[in-house]
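# Structural description and commentary
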Protein chains: 2
Amino acid sequence: MSPPPFESWFLSRFLPHALGSFSLLTGAQNGSVDVLDLLQGWGSGVGTYDDFNTIDWVREKSKDRDRHREISRKRRQSITALLLSVSDAFSGWLLMLLIGLMSGALAGGIDIAAHWLTDLKEGVCLNGFWFNHEHCCWNSKETTFQERHRCPQWKSWAELTVGVTEGASAYVVNYLMYVIWALLFSFLAVFLVRAFAPYACGSGIPEIKTILSGFIIRGYLGKWTLVIKTITLVLAVASGLSLGKEGPLVHVACCCGNIFCHLFTKYRKNEAKRREVLSAASAVGVSVAFGAPIGGVLFSLEEVSYYFPLKTLWRSFFAALVAAFTLRSINPFGNSRLVLFYVEFHTPWHLLELFPFVLLGIFGGLWGALFIRANIAWCRRRKATRLGRYPVLEVAVVSLATAVLAFPNDYTRMSGSELISELFNDCSLLDSSKLCDYGPLAKGGEPAGNLSEGTVGQAERPAGPGVYTAVWQLAMALLFKMAITVVTFGMKVPSGLFIPSMAVGAVAGRLLGIGMEQLAYYHHDWDMFHGWCSPGAHCITPGLYAMLGAAACLGGVTRMTVSLVVIMFELTGGLEYIVPLMAAVMTSKWVADALGREGIYEAHIRLNGYPFLEPKEEFVHKTLATDVMRPRRSDPPLSVVTQDGMTVEELEGLISDTSYSGFPVVVSPESHRLVGFVLRRDLVISIDNARRCQEGIVGVSRVIFTEHTPVEAQGAPPPLNLRAILDLSPLAITDHTPMEITVDIFRKLGLRQCLVTQNGRLLGIITKKDILKHMAQMANRDPDSILFN
Amino acid sequence: MSPPPFESWFLSRFLPHALGSFSLLTGAQNGSVDVLDLLQGWGSGVGTYDDFNTIDWVREKSKDRDRHREISRKRRQSITALLLSVSDAFSGWLLMLLIGLMSGALAGGIDIAAHWLTDLKEGVCLNGFWFNHEHCCWNSKETTFQERHRCPQWKSWAELTVGVTEGASAYVVNYLMYVIWALLFSFLAVFLVRAFAPYACGSGIPEIKTILSGFIIRGYLGKWTLVIKTITLVLAVASGLSLGKEGPLVHVACCCGNIFCHLFTKYRKNEAKRREVLSAASAVGVSVAFGAPIGGVLFSLEEVSYYFPLKTLWRSFFAALVAAFTLRSINPFGNSRLVLFYVEFHTPWHLLELFPFVLLGIFGGLWGALFIRANIAWCRRRKATRLGRYPVLEVAVVSLATAVLAFPNDYTRMSGSELISELFNDCSLLDSSKLCDYGPLAKGGEPAGNLSEGTVGQAERPAGPGVYTAVWQLAMALLFKMAITVVTFGMKVPSGLFIPSMAVGAVAGRLLGIGMEQLAYYHHDWDMFHGWCSPGAHCITPGLYAMLGAAACLGGVTRMTVSLVVIMFELTGGLEYIVPLMAAVMTSKWVADALGREGIYEAHIRLNGYPFLEPKEEFVHKTLATDVMRPRRSDPPLSVVTQDGMTVEELEGLISDTSYSGFPVVVSPESHRLVGFVLRRDLVISIDNARRCQEGIVGVSRVIFTEHTPVEAQGAPPPLNLRAILDLSPLAITDHTPMEITVDIFRKLGLRQCLVTQNGRLLGIITKKDILKHMAQMANRDPDSILFN
């Protein structure tokens with residue numbers, strides 16, 4: 001484990017949680033960073049944090065239109081230019097193809113590697129250590145279909161070391177090896193993350209949301225992050241920690257997107273265009289995580305993206321399909337299915353079942369809201385106390401606890417996705433799992449002849465001993481998962497929330513499903529089961545309950561609705577279950593929203609203090625622009641530049657005295673009539689350039705922003721005309737504009753600042769940060785967590 | 001048929017095509033219509049057309065937030081208010097439930113009725129004339145499964161009248177009855193439309209798009225339109241005209257949405273909220289048309305909606321599900337399937353097949369582009385020439401031609417959806433259709449033993465005589481459908497484009513599929529078929545080709561992509577075919593876009609001259625706000641109101657002299673410093689009210705817009721303070737703002753007008769109409785069709 005100095009050095013310099021603090025965000029206010037070359041500094045920029053800045057969407061989009069116009073103009077002149085324009089038009093699609101291929105391939109690799117490492121915790125293959133259990137036994141002829149997993153080539157650690165497969169000593173050896181491997185994997189993961197790419201930790205979705213909304217976090221989507229996140233994701237998943245790979249896969253796909261953007265000038269040089277690509281990339285991430293391309297696109301639309309034009313919709317869809325197709329070609333699950341959990345249910349649901357489905361929704365909502373509170377409280381404690389200083393130790397302890405507690409219980413020992421698969425499964429006659437251990441049908445007076453119908457073997461039966469054991473183990477697993485996930489999410493390893501949330505819900509759902517099933521079996525004469533659960537008929541599918549529970553819990557945590565339903569629909573492929581899914585997911589969302597408005601990602605964004613203007617949240621207070629703008633009443637007056645009255649020296653003085661990122665240009669200080677807006681950075685560079693290169697520019701030279709340079713008096717130095725850098729179209733609102741409209745304008749147009757006028761006189765300025773601060777104040781949010789000022 | 005005077009009276013007063021002309025749109029410029037009570041005038045407003053006006057989204061949304069704030073404030077005061085606030089929060093969901101139920105029920109009714117009337121063209125059921133053919137033969141015990149349709153209860157017209165079922169006389173009688181019924185149905189349809197609800201004609205989607213973008217067309221979504229459209233849709237579909245019910249179902253669902261809005265003050269009184277509901281309703285329409293709820297939501301998002309917040313996404317999804325579920329409960333297709341065309345393919349596709357799939361895409365794109373051009377040219381001719389004066393005659397002629405030409409060919413005689421179903425169908429052994437008449441397998445040297453595999457009966461086989469007949473008939477049907485659809489779409493009956501477009505594509509696709517299949521059978525030794533189409537294997541599914549062709553043609557016509565793929569995906573339920581679908585649909589879109597940028601709906605919007613600001617179209621020209629604003633250089637100066645310098649008389653003079661819908665308020669005429677904006681209508685009402693009710697207001701009273709009313713000189717009449725009606729937050733841009741940004745601002749904020757300033761002085765004003773005019777000018781579009789000035 002790394003020594004404390006290393007830890008604290010890291011904490012203060014790299015970690016976004018520690019980052020989102022004061023000093024960093026004043027950097028943004030300095031605004032001395034060129035928005036053009038941000039997000040480009042691969043690794044080189046590590047350690048410099050003046051990149052936390054907000055982009056100006058209007059400007060970026062204007063720039064792209066200019067570029068486009070230039071290409072259209074040239075197109076008519078030569079064949080080369082025409083070809084260039086065609087290649088420009090198709091570069092977006094090519095980029096999508098590349099992202100899809102790469103993300104699909106990476107996801108396939110991650111799946112295979114994680115599967116192998118997970119199995120390595122239990123044993124090793126004698127044919128070659130690089131085979132996983134299933135692969136190892138694939139061609140084994142000595143095993144039957146039933147005992148496929150007991151092939152001689154695969155040796156558990158106990159078999160290899162002490163030579164026995166059963167008994168106490170074998171158990172102890174296997175237990176020990178399981179814990180050791182788990183510790184090793186998790187330690188490696190956290191070490192790699194902290195040593196090489198601190199941004200690779202967590203799920204990445206809160207940061208990606210923030211980046212997509214127009215924030216710059218340099219290096220967050222860089223090469224190093226990609227490499228380290230891919231490797232450590234495999235390790236983290238294999239270590240058996242209660243985390244999933246879905247969120248991190250979105251991050252990985254976005255890294256791919258960002259890296260490929262560098263191949264095309266169009267995307268490299270334009271932050272807005274790049275964000276369109278990243279929106280598509282996040283769709284790709286979910287597409288490969290679940291094999292659900294449509295769900296992925298809707299996830300990007302509903303949950304992650306900020307600016308999502310129709311063009312992006314089409315491209316996202318294309319990229320998501322390519323990725324899903326690539327993944328299927330790699331076939332990591334060996335079943336030539338696209339999806340992670342393939343389920344097929346054979347029994348339709350009954351209208352009365354909506355009641356237990358809604359119950360699952362309520363459970364999901366409650367758990368979602370409680371999980372968010374507990375997790376945020378825990379993360380806050382981590383930041384505030386000494387706990388946060390030893391992240392490696394933290395991971396090791398949690399990993400040890402997870403491994404020690406998980407091994408004895410079959411349902412926690414298996415990986416999260418295996419658990420979910422098992423719980424979703426609809427028992428068939430051939431199934432040998434404990435969950436499918438049902439007793440014989442003949443009970444009481446039911447004639448066995450009922451079996452002769454199409455429902456052979458699927459009729460309602462009493463639970464056997466296996467099911468009872470499973471129920472107890474599942475109940476324990478539920479408690480364990482609920483507790484451990486709260487402390488796991490937010491640790492310094494790549495960690496997604498989808499799988500753990502779904503696991504909790506699936507366990508709860510399956511338990512309820514089994515309960516309902518047994519109720520229907522023993523009480524089929526009750527009114528509610530009448531005409532539906534007749535003896536010998538199969539009426540309740542516990543696997544469906546598991547699926548609904550999983551959807552409800554995931555919905556409660558993330559507050560996804562449509563995209564979640566579509567993802568689940570793509571998993572099952574049957575329209576039949578959309579209504580139950582919708583019932584469970586909407587209930588879950590309503591319940592969770594009643595207990596706390598934010599989903600887990602918004603909560604983490606706020607925890608980290610990112611300047612994110614939530615598009616879903618309505619601003620409801622009745623304040624006016626004048627209440628928010630600067631300068632306030634007690635502040636010094638607004639720093640303005642006059643269009644023809646200031647000298648170079650005066651301007652330099654203004655720049656050094658203030659730290660604003662730009663200045664309004666007015667006709668005269670008395671009239672305060674707005675002419676335009678000039679960015680601090682542009683001003684600094686232009687004056688420097690002029691002083692170096694332009695003849696006769698001295699401190700007393702006048703700086704002119706007008707169209708026509710006036711003739712100077714004899715003997716005076718020549719004036720410096722800077723109209724070229726003047727933004728002639730700053731948006732201005734009146735001081736009486738309600739803040740709700742102002743917030744809307746900022747959100748929809750993606751502004752960075754807006755000028756405020758009163759009766760045509762320039763009065764002040766509102767920046768995005770002012771708005772965020774104001775919104776936080778109005779919502780009475782814990783003022784300590786607000787990092788701007 | 002109605003006499004010419006009736007026709008021309010209608011033409012000049014009711015028809016939107018004739019409508020979108022000059023005189024109507026100047027009404028909009030007068031702006032004397034209150035945006036609040038528009039769209040409310042059920043029937044009563046028929047004949048008055050000063051409703052063509054654009055809403056102000058900012059104002060509507062502000063109003064809703066005020067209402068919301070009011071409710072939140074009151075909530076704390078009493079239990080009743082609390083309950084009211086809860087009911088308010090849930091009223092949106094309740095509304096969705098109602099729309100879903102009603103639309104689902106209507107769609108089910110339409111399906112059943114259309115099915116019955118369609119069968120009535122061929123014969124009648126002796127058990128009761130209200131049974132359709134299938135229903136009539138449902139319980140017939142005298143027919144085998146194979147000859148299910150030849151039950152004794154069902155009599156063809158020939159059987160009933162001349163007593164024979166076969167032979168020339170029977171054919172002639174059936175032919176005649178078919179034509180007579182078709183004529184009767186279509187005449188009834190056009191008569192009802194023209195007599196009771198002229199808005200019920202066409203598909204309705206162009207108008208709904210325009211309404212959703214913020215335009216007012218009073219009565220377009222009213223009770224009468226709903227009733228008449230529902231009835232005439234059944235008649236039009238049953239008449240056998242080349243039209244579908246999908247577009248009109250969207251219109252019907254939107255009518256339901258609009259009508260139910262009246263139950264809730266929240267939606268009745270707010271145009272923006274109402275449009276959210278209508279967006280959801282259009283999703284419902286597609287959901288019931290195809291049984292594809294997810295596709296419906298995406299259709300609304302991609303194709304129809306203008307403002308689609310996430311909340312609407314959730315609600316649309318809910319409503320679409322409810323509707324689909326209701327429709328399934330009614331079970332109009334008798335197969336308990338949700339979807340219109342249920343297909344199940346058994347063979348995976350091969351990568352090489354992407355080549356014919358792309359060919360289908362190219363065909364679809366070409367056909368789409370050509371169809372749009374031909375249809376628009378035809379509609380333009382209809383508007384410009386005498387043809388347009390006799391719509392009833394037109395419908396009768398087209399209907400006669402359709403019936404006469406369609407009857408002899410099996411594939412045109414059946415309804416469009418039956419045709420598509422048949423073409424999508426994958427031949428099984430039991431199938432008795434001509435398309436499945438394949439010869440025996442044993443040909444040349446292939447051992448029949450190959451059949452013993454799992455592909456029994458599905459192996460590639462030579463086409464039998466039935467298939468050859470079918471191919472010829474399909475080729476004829478293709479030509480016929482292509483020609484007749486061009487003249488059908490746009491007639492004065494409810495007519496959707498989805499089914500005819502899909503039918504054209506399905507025929508073309510099936511033909512290509514059969515060709516490929518036979519190629520593979522006779523040349524399975526070719527390199528391209530090597531290792532894939534081995535003898536005895538089933539490798540090509542003509543039904544899949546039909547499906548892809550249908551998707552490609554529909555895509556070419558409407559330019560839908562994602563929603564179309566999702567609809568098709570919901571029809572087949574298999575992720576397997578998403579890649580071929582995507583390939584066909586994207587190719588089709590690219591090809592069609594290369595030949596003409598607009599989809600059929602945009603083309604019709606432009607044809608009708610609706611003020612629609614296309615959200616997909618980028619404005620690429622480098623003009624500035626100053627080039628677009630009014631007044632132009634040669635115009636008289638901008639009419640402004642000063643904040644404290646004008647008398648009541650002066651204001652009244654200004655109002656009567658000008659026809660602007662609002663006036664900027666400035667500090668003084670010299671300074672032209674902007675204070676706010678006042679709407680003409682508000683000004684007129686306030687002055688009238690003040691003159692009537694307020695003591696001492698006379699012509700020479702000063703009108704004040706300032707916060708504090710100044711003390712008037714002794715003896716002068718008391719001033720009239722109208723600050724209450726002043727919009728203090730008009731958006732202002734500078735004269736140098738590029739038009740691309742201005743267009744973006746209008747589009748995103750949904751503005752109606754925007755003020756233009758130069759160096760802080762008010763210079764002019766830009767309205768949405770100015771922008772549309774400018775865009776049309778810049779695009780060099782046929783200036784005759786542009787209706788604004």
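Only a predicted model underlies this, so the values are computations on that prediction, with no experimental measurement involved.

How each quantity is defined
- Residues numbered from 1 in each chain as written.
- Chains lettered and ligands numbered in written order.
- Predicted model: local features only at pLDDT ≥ 70, side-chain atom pairs only at ≥ 80, totals over all residues.
- Heavy atoms only, no water.
- pLDDT = per-residue confidence, 0-100.
- Contact = heavy atoms within 4.5 Å.
- Salt bridge = Lys/Arg side-chain N within 4 Å of Asp/Glu carboxyl O.
- Helix = DSSP H or I, 4+ residues; strand = E, 2+ residues; numbered from the N terminus.
- Buried < 20%, exposed > 50% of the residue type's maximum accessible area, 1.4 Å probe, protein only.
- Polar contact = N/O pair within 3.5 Å; in protein donor to acceptor, adjacent residues only side chain to side chain.
- Pairing = 2+ DSSP bridges.
- Axes fitted to C-alpha atoms, helices over the stretch in contact; angles between N-to-C directions.

Okay, the confidence of the model for chain A next. Residues and elements named next belong to chain A. For chain A, per-residue confidence averages 81 on the pLDDT scale, and residues scoring 70 or more make up 85% of the total. Here residues 1-50 scores under 50 on pLDDT; set against residues more than four positions off or in separate chains, the count is 120 contacts. Per-residue pLDDT stays below 50 along residues 442-457; that stretch engages in 12 contacts with residues further than four places along the chain or on separate chains. Across the assembled chains, the prediction reports ipTM 0.79 with pTM 0.83.

Here the focus is the pattern of salt bridges. Per the counting criterion, the structure on display carries 57 salt bridges over all chains. A salt bridge links E70 of chain A to K74 of chain A, with the shortest nitrogen-to-oxygen separation between them at 3.9 Å. Remark: K74 of chain A and E70 of chain A occur in helix 4 (residues 57-75); sequence separation between them is four residues, near one turn of the helix. A relative accessible area of 39% places K74 of chain A in the partly exposed class. With its nearest N and O atoms 3.6 Å apart, the salt bridge here joins D88 of chain A to K266 of chain A. Taken together, the positions of D88 of chain A in helix 5 (residues 79-120) and K266 of chain A in helix 12 (residues 265-268) put the pair 178 residues apart, joining distant regions of the chain. For K266 of chain A, a relative accessible area of 9% translates into the label buried. A single salt-bridge network, built from bridges that share partners, covers K61, R65, D66 and R69 of chain A together with K622, E740, D744 and K748 of chain B.

Residue and element names in this part refer to chain B. Here H133 shows up in helix 6 (residues 133-136). Owing to a relative accessible area of 13%, H133 belongs among the buried residues under this scheme. For H133 and W154, which are 21 residues apart along the polypeptide, the C-alpha to C-alpha distance reads 6.6 Å. At 3.4 Å, the side chain of H133 forms a polar contact with the side chain of W154.

It is worth spelling out the sheet that holds strand 5 (residues 641-642) of chain B at this point. Residue and element names in this part refer to chain B. Across the sheet, three strands lie side by side as 5-7-8; this open sheet has mixed pairing. Looking at the sheet topology across the chains shown, the edges are occupied by strand 5 and strand 8 (674-679). Sheet topology note: the strand 5/strand 7 (residues 662-666) ladder contains two bridges and is parallel. Note on strand 7: the bridge partner recorded for V641 is V665. Along the sheet face, helix 28 (residues 680-693) touches strand 7 and strand 8 and points at about 75° away from the line of strand 8.

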